[in-house]
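Chain by chain, the residues:
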Amino acid sequence: MQQRTLKILYNAHSWMGVVTGLILFVVCFTGTVALFHYELATWENPGYRINETEAKEKALPVQQIIDRATQEHGFVYDEFFITLPGRFGVPVTFYHFNEETHELTKMAVDPTTGEKLQSANSNIVEFQTHMHTDLNLPEPWGRYLVGLFGIILLFSIVTGVLSHRKYFKEFFKFRPNRSWRLLLTDTHKVMGAWGILFHTMIAFTGAVIGLVGLFLLVMAYAAYGGDREAAIEGFVGPHIEESGVAAPMYNVDQLVTKAEQHWQGFRVEFVSYHGFGDENARVTLGGSMEEQLASVQQLTFDGVSGAMTFESDFMDMGAGARIYGASFALHYALYGGFMLKLLYMVLGASVALMTVTGMMIWLEKRHSEDKRYRKLSSATCGICMGLVVATATLFVSNQLISRSIADKPFYEELIYFISWLLCIFWAFYRGNNYQATKELLLVSGALLLAAPILNAINTGDHILASLQKGYYTVAGTDILLITFAITCWLVAKRLPHSRPESEHKSKAKVSIIQEPVSATS
Amino acid sequence: MSSKTQKQQPLGGWGKITAAIFGALLFSIACGLLLSIFLPMPVNNRLAIGGIAVAPIWVVAAIYTLMARNGLRAWGINLALTVLLFIPILINLSGQAQ
């Protein structure tokens, strides 16, 4: 490859990283937390904790749970969505989204008894997921922006690979005991080389999930000759108007059996009602295929007669639809269990680390040139480390703020942003980013350790008790939080107190000054 | 920067950067539209392929755009290709409307 081409690729890689690196870090870091959305939902809501083995073995029929929810718990809506126990967590959760007010009503139910479960009036999981998928911005703009960052990550990966001529040598080139800058460069390259398949997949599927709403709208407009309704019907089936005439609903358990017989290996994971209780009602059953990358398969039935009215089979529509159908399963690790999520967490953290090390390499090269670079270095330290502290703060505030406070979610988010802002101020105030990083890591570690301790004090569900009661996700979350706390402490211990190069320079200066003195004496 | 290099870069580096962002985006959308209309397969499948293809085409087009000799050329090639691709798309859309 020509020298000019390599230079352009390297510059494009560097500048794209510098301009977008911090936001990419936020998206990637929050993504690693959002991976455990349903596990954390059980941790944040002590009322949702039920014996997970019993929940699987002794679950009531879905129809019985719906009857209790609508007749006894007052969950009466025309349109609602139910997630069944499994990959969406242990409880059966009912959702209703009000199109006019944009309010989401949520109710969790014990699958073994049909009893309503008490919510902790907390929002940390939804908030973290919303930070990852929408950067906490209004829909759909936040989603599009995050999708755009998926494309930016893809661009960075391609330019990064192409600008390295000796790509395969990077796999084993790790020199931790040379200089600090070399350590950063090697870490960046080794993580990039080993994780390239995962990084490319996560960037591509992220771009597809984020921007598919926008791109498909444009494509559908052209493919259906401008008929938007026809385009939507092609994917989700015809829109049905309610008649206003009440009718008894078909037994949903029989529909689940029909659906699972229709496609071999199909596992129903959610039920969606449109026009519940109306003679024109529709029931959509969705889920994934066993041992296949498909998580958006859907079958729609007539809610009264139980006849199948529409099927959305992404496995049978050809390559494009199959890639689209697999994107969700691949991006959210829906095709495996908890261990796969742990692997995703490590690889996802490597994407976040790559963006930071990339920024640091660029800044280290220019550190002595200009004051502005030092300020950007402080901003990087404050934003990245501050995000870790703020996320740890969420877990602690979830345990410390009483559920009786009506605006608890608001205060949790307020504390999150205030702590993040304070960390940014602290990084600027400290000036020495190495020391600031060490201190913020120690604060993160302390907060992460405090969260399981507070959980044990508040609920009595310490790790051993959780394991005995069958709350495996709670025990797993506590173990993860303690592991992160220890990791933060270990990393803080290993980090230098100040820039290593400047230390060497100052030592060198001292020896030059001392030499003539010793020579004369 | 030497005067010779400046002469070679009408619109400067910003011309190439804007062409890589916006020009390449226009081109990739045109490619996506073309695929979603003309691929010989069922409509939902070609729609999905068209939608999914935009992202990787944008990345590749942006990188190629940055390799251009100058900003004017970068914009010129992107716009010319986009217009070229839009001709069959518009003919098809007008045919459907009639």
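Residues numbered from 1 in each chain as written. Chains lettered and ligands numbered in written order. Predicted model: local features only at pLDDT ≥ 70, side-chain atom pairs only at ≥ 80, totals over all residues. Heavy atoms only, no water.

Enquirer: I'm lost on the overall build of chain A in this one. Help?
Expert: For chain A, the helix and strand inventory stands at 18 helices and seven strands. The globule rule puts the C-alpha radius of gyration for 521 residues at 24 Å, and the 26 Å found for chain A is close to it. If you line up chain A on its principal axes, its C-alpha atoms span 105 × 60 × 40 Å. Across the 521 residues in chain A, those meeting the buried criterion constitute 52%. Here the contacts in chain A between residues at least 6 apart in sequence split such that 67% fall between residues at least 24 apart. If you sum the accessible surface of chain A, you get close to 25400 Å²; carbon and sulfur atoms cover 62% of it. A gap of 21 Å separates the mean positions of the 41 positive and 47 negative side-chain charges of chain A. (Helix = DSSP H or I, 4+ residues; strand = E, 2+ residues; numbered from the N terminus. Rg over C-alpha atoms; globule rule 2.2 N^0.38 Å. Buried < 20%, exposed > 50% of the residue type's maximum accessible area, 1.4 Å probe, protein only. Contact = heavy atoms within 4.5 Å. Areas by Shrake-Rupley, 256 points an atom, 1.4 Å probe, with all protein chains shown as cover. Lys, Arg positive; Asp, Glu negative; His and termini not counted. Charge placed at Lys NZ, Arg CZ, Asp CG, Glu CD.)

Enquirer: Can you help me understand the nonpolar core in this one?
Expert: In summary, soluble globular proteins display a tendency toward joint burial of nonpolar side chains. Counting 114 residues, the largest nonpolar core has Y344, Y416 and W420 of chain A together with L47 of chain B as its most contacted members. A total of 15 residues in this core trace back to one element, the largest contributor, which is helix α8 (residues 196-223) of chain A. If you count residues domain by domain, this core takes at least three from each of domain 2 (237-331) and domain 3 (368-501) of chain A. Apart from residues lying up to four places away in sequence, L47 of chain B is in contact with L216, M219, A220, A223, Y224 and F235 of chain A together with S36 of chain B. Ranked by size, the runner-up nonpolar core spans 30 residues in total, among them V62, F80, L84 and A281 of chain A. (Core = buried A, V, L, I, M, F, W, Y, C linked by side-chain atoms within 4.5 Å. Domains from an automatic or database assignment.)

Enquirer: Looking at this model, I keep getting lost on the confidence of the model for chain A. Mind explaining?
Expert: Any segment with low pLDDT has predicted coordinates that should not be analysed in fine detail. In this model, chain A carries a mean pLDDT of 87, and residues with pLDDT of at least 70 account for 95%. Counted against residues more than four places away or in other chains, residues 503-521 of chain A, with its pLDDT under 50, gives one contact. (pLDDT = per-residue confidence, 0-100.)

Enquirer: What should I look at first to understand the domain arrangement of chain A in this one?
Expert: Interface size is often expressed as the accessible area that is lost when the parts come together. By the assigned domains, chain A splits into domain 1 (53-116), domain 2 (237-331) and domain 3 (368-501). Computed from C-alpha atoms alone, the centre-to-centre distance between domain 2 of chain A and domain 3 of chain A is 41 Å.

Enquirer: How should a nonpolar patch on the surface be read in this particular structure?
Expert: Residue and element names in this part refer to chain A. There is a patch of nonpolar side chains on the surface, built from I405, F410, Y411, L414, I415, I418, L421, L422 and F425 and spanning about 840 Å² of accessible area. Mapped onto the elements of the fold, L421 is located in helix α14 (residues 408-430). Looking at L421, the relative accessible area reads 49%, which means it is partly exposed. (Patch = residues over 30% accessible without salt bridge, like charges linked within 9 Å, V, L, I, M, F, W, Y side chains within 5 Å. Salt bridge = Lys/Arg side-chain N within 4 Å of Asp/Glu carboxyl O.)

Enquirer: Whenever I open this one, helix α11 (residues 319-331) of chain A confuses me. Can you help?
Expert: Owing to its 3.6 residues per turn, the α-helix aligns residues three or four sequence positions apart on the same side. With 13 residues, α11 of chain A should cover 18 Å at 1.5 Å per step; its first-to-last C-alpha distance of 18 Å lies within 8% of that length. What α11 of chain A keeps buried is the set G320, A321, Y324, G325, A326, S327, F328, A329 and H331 of chain A. Contacts made by the buried residues of α11 of chain A are with α5 (124-134), α8 and α12 (338-366) of chain A together with α3 (43-66) of chain B. (Expected span 1.5 Å × (residues − 1).)

Enquirer: I'm lost on a negative patch on the surface in this one. Help?
Expert: Residue and element names in this part refer to chain A. Together, D78, E79, E99, E100, E241 and E242 give the surface a local cluster of negative charge. Looking at where E79 falls in the secondary structure, it is placed in the loop between α4 (62-71) and β1 (80-83). Here E79 falls in the partly exposed class, since its relative accessible area comes to 39%.

Enquirer: Sorry if this is basic, but what is going on with a positive patch on the surface here?
Expert: Residues and elements named next belong to chain A. Residues R165, K166, K169 and K173 make up a contiguous surface patch of positive charge. With respect to the helices, strands and loops of the structure, K166 is situated in the loop between α6 (141-162) and α7 (180-194). When its relative accessible area of 54% is taken as the criterion, K166 is described as exposed.

Enquirer: Please explain the packing of helix α1 (residues 3-34) of chain A against helix α13 (residues 371-400) of chain A as it appears in this structure.
Expert: Residues and elements named next belong to chain A. Contact pair α1 / α13: the axes reach a minimum separation of 11 Å and the direction vectors enclose 10°. Looking at the two axes, α1 sits roughly parallel to α13. Residues V18, L22, F25, V26, F29 and V33 of α1 pack against L376, T380, I383, C384, L387, V388 and T391 of α13. (Axes fitted to C-alpha atoms, helices over the stretch in contact; angles between N-to-C directions. Parallel < 35°, antiparallel > 145°, perpendicular 65-115°, else oblique.)

Enquirer: I tried to follow the pattern of salt bridges on my own but got confused; where do I start?
Expert: Residues and elements named next belong to chain A. Applying the stated rule across the entire model yields twelve salt bridges over all chains. Note that R68 and E72 form a salt bridge whose closest N and O atoms lie 2.9 Å from each other. With a closest N to O distance of 3.2 Å, D134 and R143 form a salt bridge. What makes D134 buried here is its relative accessible area of 0%.

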